[in-house]
Amino acid sequence: MTTLRDVRSSDWADAASAAPIVVLLLHGYGSNEHDLTGLVEPLGLTLPWVSLRAPLEMGHGGAAWFEITTPGNPDPEPIAAATAAVWAWIDENVSPEARILPIGFSQGGFMASQLLRTRPERVIAPVILAGFVLSAPQPGDEDLAASLPAVFWGRGTEDRVIAEPAVARTASWLPLHTTLTERTYPGLAHGINQAEIDDVREFIAAHAR
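Residues numbered from 1 in each chain as written. Predicted model: local features only at pLDDT ≥ 70, side-chain atom pairs only at ≥ 80, totals over all residues. Heavy atoms only, no water.

Q: Would you take a moment to explain the overall build of the chain for this structure?
A: Broken down by element type, the chain carries 6 helices and 9 strands. Relative to the globule expectation of 17 Å for 209 residues, the C-alpha radius of gyration of the chain, 16 Å, shows essentially globular dimensions. If one aligns the C-alpha atoms of the chain with their principal axes, the spans along those axes are about 45 × 35 × 35 Å. Every one of the 209 residues in the chain was classed for burial, and the buried ones make up 53%. The contacts in the chain between residues at least 6 apart in sequence include a share of 75% that link residues at least 24 apart. Accessible surface, the chain as shown: approximately 9300 Å² in total, 52% of it carbon and sulfur. (Helix = DSSP H or I, 4+ residues; strand = E, 2+ residues; numbered from the N terminus. Rg over C-alpha atoms; globule rule 2.2 N^0.38 Å. Buried < 20%, exposed > 50% of the residue type's maximum accessible area, 1.4 Å probe, protein only. Contact = heavy atoms within 4.5 Å. Areas by Shrake-Rupley, 256 points an atom, 1.4 Å probe, with all protein chains shown as cover.)

Shown next, in the form of structure tokens:
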């Protein structure tokens, strides 16, 4: 199993073993573990956090969670491997009593949804930014349909990176399996703006308890 590289909050050593919730930052395609750390202060995060580097090296400092074959419709097998790699890191580094609050952008948002769909009992209030969900059924889907946990899904109206069928699939799947907070941002392309940061901050404050 690939050991994922990471960047951790300064209080990780003291706080992570005892914290009831740990924030997991998951970057997008071609980026790296430093990308989303800039969200920590604007989101007002006081929980211990870690930002993971995806396992597939792309060169020039970038990495990916999975290769892009058919845009918006990745193969389930490499997704399962990437998801297992993240859970392996969590199992080794996070207390089994702690719940994971994943915040992911693009491919990282996709991975946030995968954590929820594979071990829903370990995940709380996932934040999916410009991401989508896998078409294949996942082990936790039935439990999610019954429990309907809180999920934030935000995207820009001008996002041309995430394929439209993936957006449509996600828009159909999330309301049936989660208590969804969905936000769209006029004029925003494949990125994050201040309005979305404000909404995510409010969402986390309401649900990360």
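That shown, we press on.
Q: Explain the sheet that holds strand β9 (residues 179-185) to me, please; I cannot follow it from the model alone.
A: Strands sit in the order β1-β3-β2-β6-β7-β8-β9 across an open sheet of 7 strands; the sheet is mixed. Looking at the sheet topology across the chains shown, the edges are occupied by β1 (6-8) and β9. On average, each strand axis in the sheet is inclined to that of its neighbour by 15°, with strand direction left out of account. As judged from the 3 bridges shared by strand β7 (residues 127-129) and strand β8 (residues 150-156), these two strands associate in the parallel manner. Residue pairing across strands places valine 127 opposite phenylalanine 152, the latter belonging to β8. Running at roughly 155° to strand β6 (residues 99-105), helix α3 (residues 107-118) makes contact with β2 (21-26), β6, β7 and β8 of the sheet. (Pairing = 2+ DSSP bridges. Axes fitted to C-alpha atoms, helices over the stretch in contact; angles between N-to-C directions.)

Q: Even after reading the chapter, I still don't get the environment of aspartate 141, so can you show me in this structure?
A: Checked against the element boundaries, aspartate 141 lands in helix α4 (residues 141-147). A sequence separation of 32 residues divides aspartate 141 from tryptophan 173, and the C-alpha atoms of the two residues are 9.9 Å apart. In contact with aspartate 141, other than residues within four places in its own chain, are Arg117, Trp173 and His177.

Q: Help me understand the pattern of salt bridges in this model?
A: The full count for this structure, using the stated rule, is 8 salt bridges. Among the ionic pairs, aspartate 91 bridges to arginine 119, the shortest N-O distance being 3.0 Å. Placement of aspartate 91 in helix α2 (residues 76-93) and of arginine 119 in the loop between α3 and β7 is noted, with a sequence separation of 28 residues between them. With relative accessibility at 45%, the residue aspartate 91 sits in the partly exposed group. (Salt bridge = Lys/Arg side-chain N within 4 Å of Asp/Glu carboxyl O.)

Q: Sorry if this is basic, but what is going on with the nonpolar core here?
A: By size, the foremost hydrophobic cluster in this structure holds 41 residues, and its most contacted members are Leu24, Leu52, Trp65 and Val86. If you list the elements that add at least two residues to this core, you get β2, β3 (49-52), α2, α3, β8 and α5 (164-177). Broken down by element, the residue count for this core peaks at 7 residues, all from α2. Residues within four places of leucine 52 in sequence aside, it is in contact with Leu4, Arg5, Asp6, Leu24, Leu25, Leu26, His27, Glu33, Trp65, Val86 and Trp89. (Core = buried A, V, L, I, M, F, W, Y, C linked by side-chain atoms within 4.5 Å.)

Q: I tried to follow the environment of leucine 134 on my own but got confused; where do I start?
A: With respect to the element layout, leucine 134 can be found in the loop between β7 and α4. On a C-alpha basis, the gap between leucine 134 and methionine 111 in space is 9.4 Å, while along the polypeptide they are 23 residues apart. Apart from residues no more than four positions distant in its own chain, leucine 134 is found in contact with Pro74, Pro76, Ile79, Phe110, Gln114, Arg117 and Arg169.

Q: What is the right way to look at the pairing of β9 in this model?
A: Along a regular strand, successive side chains alternate from one face of the sheet to the other. Sheet topology note: the β8/β9 ladder contains 7 bridges and is parallel. Within the sheet, the bridge partner assigned to glycine 156 lies in β9 and is tyrosine 185. Handedness of the β-α-β unit built from β8, α5 and β9 comes out right-handed. (Right-handed = clockwise from strand over helix to strand, strands pointing away.)

Q: Please clarify how the side chain of serine 51 should be interpreted in this entry.
A: Relative to the assigned elements, serine 51 resides in strand β3. Those residues in contact with serine 51, other than ones at most four positions away along the chain, are Arg5, Asp6, Val7, Leu25, Glu33 and Thr37.

Q: Help me out: how do you make sense of the side chain of threonine 178 in this one?
A: Within the secondary structure, threonine 178 sits in the loop between α5 and β9. A distance of 2.8 Å separates a polar atom in the side chain of threonine 178 from the backbone oxygen of leucine 174. In this view, threonine 178 contacts Leu116, Leu148, Pro149, Val151 and Trp173; residues no more than four positions away in its chain are not counted. (Polar contact = N/O pair within 3.5 Å; in protein donor to acceptor, adjacent residues only side chain to side chain.)

Interpretation note: all reported values are geometric properties and have no functional meaning in isolation.
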